[in-house]
Amino acid sequence: MDKTTLSIINIIKAVIINEIGGLIYPENKKSPEVFSQSSPYIKFLPITACIEFMGACYDELPFETSRLDKEDIVERRFNTALINLFGKRYHPFAKADNDFYFYKKLRNGMIHQLRPGQGILFTTRKESLEDKTKHLVPTTIGNHKYLILVLETFYDDLQKAAERLIRQFESKELTNKKGNMAFISVYDLEPKLKIGLFYLT
(Lines give C-alpha, C1' and ligand atoms only; values in the text may rest on other atoms or scores of the structure.)
Protein backbone atom coordinates (compact mmCIF):
# COMPACT_ATOMS: atom_id res chain seq x y z
CA MET A 1 0.00 0.00 0.00
CA ASP A 2 1.58 3.24 -1.18
CA LYS A 3 1.30 6.42 0.86
CA THR A 4 1.78 10.02 -0.25
CA THR A 5 1.82 12.81 2.31
CA LEU A 6 0.84 16.29 1.18
CA SER A 7 1.85 19.55 2.85
CA ILE A 8 -0.29 22.66 3.07
CA ILE A 9 1.55 24.10 0.07
CA ASN A 10 0.88 20.86 -1.85
CA ILE A 11 -2.82 21.06 -0.94
CA ILE A 12 -3.10 24.68 -2.05
CA LYS A 13 -1.62 23.72 -5.42
CA ALA A 14 -3.53 20.46 -5.83
CA VAL A 15 -6.95 21.50 -4.55
CA ILE A 16 -7.37 25.26 -4.90
CA ILE A 17 -5.37 25.79 -8.08
CA ASN A 18 -5.80 22.47 -9.89
CA GLU A 19 -9.03 20.79 -8.77
CA ILE A 20 -11.23 23.83 -8.14
CA GLY A 21 -9.63 25.54 -11.11
CA GLY A 22 -10.72 22.55 -13.19
CA LEU A 23 -14.28 22.96 -11.96
CA ILE A 24 -14.38 26.60 -12.96
CA TYR A 25 -12.46 26.20 -16.23
CA PRO A 26 -13.19 22.68 -17.57
CA GLU A 27 -11.99 21.18 -20.84
CA ASN A 28 -8.90 23.37 -21.17
CA LYS A 29 -10.84 26.61 -20.97
CA LYS A 30 -8.95 29.57 -19.54
CA SER A 31 -9.63 33.00 -18.10
CA PRO A 32 -10.97 35.32 -19.48
CA GLU A 33 -12.86 33.05 -21.88
CA VAL A 34 -16.65 33.39 -21.87
CA PHE A 35 -18.69 30.17 -21.91
CA SER A 36 -21.76 28.55 -20.33
CA GLN A 37 -20.99 27.10 -16.92
CA SER A 38 -22.47 23.80 -15.78
CA SER A 39 -23.82 23.87 -12.19
CA PRO A 40 -22.39 27.33 -11.48
CA TYR A 41 -24.24 27.91 -8.20
CA ILE A 42 -22.56 25.16 -6.20
CA LYS A 43 -19.10 26.23 -7.40
CA PHE A 44 -19.29 29.26 -5.12
CA LEU A 45 -19.22 26.93 -2.10
CA PRO A 46 -15.62 25.61 -2.41
CA ILE A 47 -14.38 29.12 -3.20
CA THR A 48 -15.96 30.36 0.03
CA ALA A 49 -14.52 27.47 2.08
CA CYS A 50 -11.05 28.06 0.66
CA ILE A 51 -11.00 31.65 1.89
CA GLU A 52 -11.35 30.52 5.49
CA PHE A 53 -8.79 27.74 4.99
CA MET A 54 -6.19 30.17 3.67
CA GLY A 55 -6.87 32.54 6.56
CA ALA A 56 -6.15 29.66 8.94
CA CYS A 57 -2.66 29.43 7.44
CA TYR A 58 -1.77 32.73 9.12
CA ASP A 59 -2.10 31.82 12.77
CA GLU A 60 -0.25 29.37 15.00
CA LEU A 61 -3.39 27.52 16.11
CA PRO A 62 -4.27 24.04 14.83
CA PHE A 63 -6.51 24.02 11.76
CA GLU A 64 -9.22 22.19 13.67
CA THR A 65 -9.51 25.01 16.24
CA SER A 66 -13.19 25.97 16.48
CA ARG A 67 -15.41 28.54 18.16
CA LEU A 68 -15.54 26.21 21.16
CA ASP A 69 -11.80 26.75 21.59
CA LYS A 70 -11.60 30.42 20.60
CA GLU A 71 -14.80 32.38 20.08
CA ASP A 72 -13.82 34.58 17.14
CA ILE A 73 -11.42 32.21 15.38
CA VAL A 74 -13.56 31.44 12.32
CA GLU A 75 -14.48 35.06 11.64
CA ARG A 76 -10.92 36.21 12.19
CA ARG A 77 -9.48 33.61 9.82
CA PHE A 78 -11.94 34.43 7.05
CA ASN A 79 -11.29 38.17 7.30
CA THR A 80 -7.52 37.66 7.57
CA ALA A 81 -7.49 35.97 4.18
CA LEU A 82 -9.58 38.72 2.57
CA ILE A 83 -7.30 41.45 3.91
CA ASN A 84 -3.91 39.77 3.48
CA LEU A 85 -4.38 37.83 0.26
CA PHE A 86 -7.09 39.48 -1.82
CA GLY A 87 -6.98 42.82 -3.60
CA LYS A 88 -8.05 46.06 -1.95
CA ARG A 89 -11.50 45.97 -3.49
CA TYR A 90 -12.29 43.01 -1.21
CA HIS A 91 -11.21 44.77 1.98
CA PRO A 92 -14.48 46.63 2.68
CA PHE A 93 -16.26 43.26 2.79
CA ALA A 94 -14.05 42.20 5.71
CA LYS A 95 -15.64 44.86 7.92
CA ALA A 96 -18.62 43.96 10.08
CA ASP A 97 -20.39 47.27 9.43
CA ASN A 98 -20.44 46.72 5.65
CA ASP A 99 -23.88 46.00 4.18
CA PHE A 100 -22.40 43.00 2.38
CA TYR A 101 -20.10 41.73 5.15
CA PHE A 102 -18.71 38.57 3.55
CA TYR A 103 -18.24 36.59 6.74
CA LYS A 104 -21.91 36.89 7.62
CA LYS A 105 -23.55 37.24 4.20
CA LEU A 106 -21.35 34.90 2.15
CA ARG A 107 -19.45 32.51 4.40
CA ASN A 108 -22.12 31.80 7.00
CA GLY A 109 -24.90 31.68 4.45
CA MET A 110 -23.19 29.23 2.11
CA ILE A 111 -21.59 27.01 4.76
CA HIS A 112 -24.70 26.67 6.94
CA GLN A 113 -27.61 27.13 4.54
CA LEU A 114 -26.25 26.58 1.02
CA ARG A 115 -27.41 30.06 0.08
CA PRO A 116 -25.89 33.52 0.37
CA GLY A 117 -27.32 36.05 2.77
CA GLN A 118 -29.70 38.79 1.68
CA GLY A 119 -28.20 41.18 -0.83
CA ILE A 120 -25.63 38.84 -2.43
CA LEU A 121 -26.30 37.66 -5.99
CA PHE A 122 -24.34 34.99 -7.88
CA THR A 123 -23.77 35.06 -11.62
CA THR A 124 -21.32 33.87 -14.27
CA ARG A 125 -19.11 35.81 -16.64
CA LYS A 126 -21.40 35.05 -19.58
CA GLU A 127 -24.54 36.14 -17.70
CA SER A 128 -22.77 39.19 -16.29
CA LEU A 129 -21.85 40.41 -19.77
CA GLU A 130 -25.39 39.85 -20.96
CA ASP A 131 -26.86 41.65 -17.93
CA LYS A 132 -24.21 44.40 -17.92
CA THR A 133 -23.23 43.74 -14.31
CA LYS A 134 -19.76 43.66 -12.77
CA HIS A 135 -18.06 41.68 -10.04
CA LEU A 136 -18.21 43.34 -6.60
CA VAL A 137 -20.17 46.29 -7.99
CA PRO A 138 -23.55 46.90 -6.32
CA THR A 139 -26.56 47.03 -8.60
CA THR A 140 -30.11 48.16 -7.94
CA ILE A 141 -33.01 45.90 -8.85
CA GLY A 142 -36.37 47.42 -8.06
CA ASN A 143 -36.00 49.15 -4.71
CA HIS A 144 -33.19 46.93 -3.47
CA LYS A 145 -29.40 47.07 -3.77
CA TYR A 146 -27.46 43.87 -4.43
CA LEU A 147 -23.79 42.95 -4.63
CA ILE A 148 -22.87 40.89 -7.68
CA LEU A 149 -20.35 38.05 -7.45
CA VAL A 150 -19.14 36.75 -10.81
CA LEU A 151 -18.04 33.13 -10.51
CA GLU A 152 -15.01 33.16 -12.81
CA THR A 153 -13.69 36.50 -11.56
CA PHE A 154 -14.14 35.38 -7.96
CA TYR A 155 -12.16 32.21 -8.67
CA ASP A 156 -9.46 34.13 -10.58
CA ASP A 157 -8.98 36.28 -7.48
CA LEU A 158 -8.94 33.17 -5.27
CA GLN A 159 -6.21 31.65 -7.44
CA LYS A 160 -4.13 34.82 -7.20
CA ALA A 161 -4.61 34.77 -3.42
CA ALA A 162 -3.50 31.12 -3.28
CA GLU A 163 -0.40 31.85 -5.35
CA ARG A 164 0.41 34.79 -3.09
CA LEU A 165 0.08 32.58 0.00
CA ILE A 166 2.45 30.03 -1.52
CA ARG A 167 5.01 32.77 -2.21
CA GLN A 168 4.71 34.02 1.36
CA PHE A 169 5.43 30.54 2.69
CA GLU A 170 8.30 29.87 0.29
CA SER A 171 9.95 33.26 0.86
CA LYS A 172 9.58 32.90 4.66
CA GLU A 173 7.51 36.08 4.75
CA LEU A 174 4.99 33.94 6.59
CA THR A 175 7.02 32.58 9.47
CA ASN A 176 4.79 29.93 11.02
CA LYS A 177 5.47 26.27 10.26
CA LYS A 178 2.15 25.43 8.63
CA GLY A 179 3.29 25.64 5.00
CA ASN A 180 5.39 22.50 5.08
CA MET A 181 3.50 20.59 7.75
CA ALA A 182 2.10 17.19 6.82
CA PHE A 183 -1.61 17.79 6.31
CA ILE A 184 -3.23 15.01 4.28
CA SER A 185 -2.08 11.50 3.47
CA VAL A 186 -3.24 9.67 0.34
CA TYR A 187 -3.22 5.87 0.32
CA ASP A 188 -3.35 3.81 -2.86
CA LEU A 189 -5.08 0.64 -1.69
CA GLU A 190 -4.93 -0.88 -5.15
CA PRO A 191 -2.56 0.99 -7.47
CA LYS A 192 -4.06 -0.60 -10.58
CA LEU A 193 -7.49 0.78 -9.70
CA LYS A 194 -6.15 4.17 -8.64
CA ILE A 195 -8.15 4.17 -5.39
CA GLY A 196 -7.12 6.81 -2.86
CA LEU A 197 -8.20 7.44 0.71
CA PHE A 198 -7.72 10.86 2.27
CA TYR A 199 -7.46 11.64 5.94
CA LEU A 200 -6.00 14.30 8.16
CA THR A 201 -2.48 13.45 9.26
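Above this text sits the structure in question.
Residues numbered from 1 in each chain as written. Predicted model: local features only at pLDDT ≥ 70, side-chain atom pairs only at ≥ 80, totals over all residues. Heavy atoms only, no water.

(A) Geometry of helix H2 (residues 44–56). For H2, with 13 residues, the first-to-last C-alpha span of 19 Å sits near the 18 Å given by 1.5 Å per residue. Among the 13 residues in H2, ten count as buried, and that is most of the element. Buried within H2 are the following residues: Phe44, Ile47, Thr48, Cys50, Ile51, Glu52, Phe53, Met54, Gly55 and Ala56. (Helix = DSSP H or I, 4+ residues; strand = E, 2+ residues; numbered from the N terminus. Expected span 1.5 Å × (residues − 1). Buried < 20%, exposed > 50% of the residue type's maximum accessible area, 1.4 Å probe, protein only.)

(B) Region of the structure containing the state of the cysteines. Tallied over the entire structure, the rule returns zero disulfides. Of all cysteine sulfurs in the structure, the one in Cys57 sits closest to Cys50, which takes part in no disulfide; the separation is 10 Å. With relative accessibility at 9%, the residue Cys50 sits in the buried group. (Disulfide = S-S within 2.5 Å.)

(C) A look at the environment of Leu149. Take Leu149: it is sitting in strand E4 (residues 144–150). Here the alpha-carbon distance between Leu149 and Ile120, two residues 29 residues apart in the chain, equals 7.3 Å. Here Leu149 is in contact with Phe44, Phe102, Leu106, Ile120, Leu121, Phe122, Thr123, His135, Leu136 and Phe154, once residues within four sequence places are set aside. (Contact = heavy atoms within 4.5 Å.)

(D) View of the sheet that holds strand E3 (residues 138–141). The three strands are arranged E2-E4-E3 in an open sheet whose pairing can be described as mixed. The two strands at the open ends of the sheet, each matched to only one other strand, are strand E2 (120–123) and E3. Between one strand and the next, the sheet's axes are offset by a mean angle of 45 degrees, whatever the strand orientation. Relative to E4, E3 is paired through four bridges, and the arrangement is antiparallel. Its bridge partner lying in E4, Thr140 is registered against Lys145. In this fold helix H4 (residues 102–113) packs onto E2 and E4, with an angle of close to 60 degrees to the strand it touches most, E2. (Pairing = 2+ DSSP bridges. Axes fitted to C-alpha atoms, helices over the stretch in contact; angles between N-to-C directions.)

(E) How the structure looks around the packing of H2 against helix H6 (residues 151–170). Put simply, H2 and H6 touch, their axes get as near as 11 Å, and they point 25 degrees apart. In terms of axis orientation, H2 runs roughly parallel to H6. As H2 runs across H6, the sense of the crossing is left-handed. For the pair H2 and H6, the contacting residues are Phe44, Ile47, Cys50, Ile51 and Met54 in the first and Leu151, Phe154, Tyr155, Leu158, Ala161, Ala162 and Leu165 in the second. Within the contact of H2 with H6, the residues separate by chemical class into twelve nonpolar, no polar and no charged. (Parallel < 35°, antiparallel > 145°, perpendicular 65-115°, else oblique. Left-handed = near helix turned anticlockwise from the far one by under 90°. Nonpolar A, V, L, I, M, F, W, Y, C, P; charged D, E, K, R; others polar.)

(F) Region of interest: the packing of aromatic side chains. Applying the stated rule across the entire model yields 14 aromatic pairs. Measuring from ring centre to ring centre gives 5.9 Å for Phe53 and Phe183, while their planes differ by 50 degrees; the resulting arrangement is tilted. Note that Phe53 is positioned in helix H2 and Phe183 in strand E5 (residues 182–188), a separation of 130 residues in sequence. The same class applies to Phe53 and to Phe183, which are both buried. (Phe/Tyr/Trp six-rings, centres within 6.5 Å; stacked < 30°, edge-to-face > 60°.)

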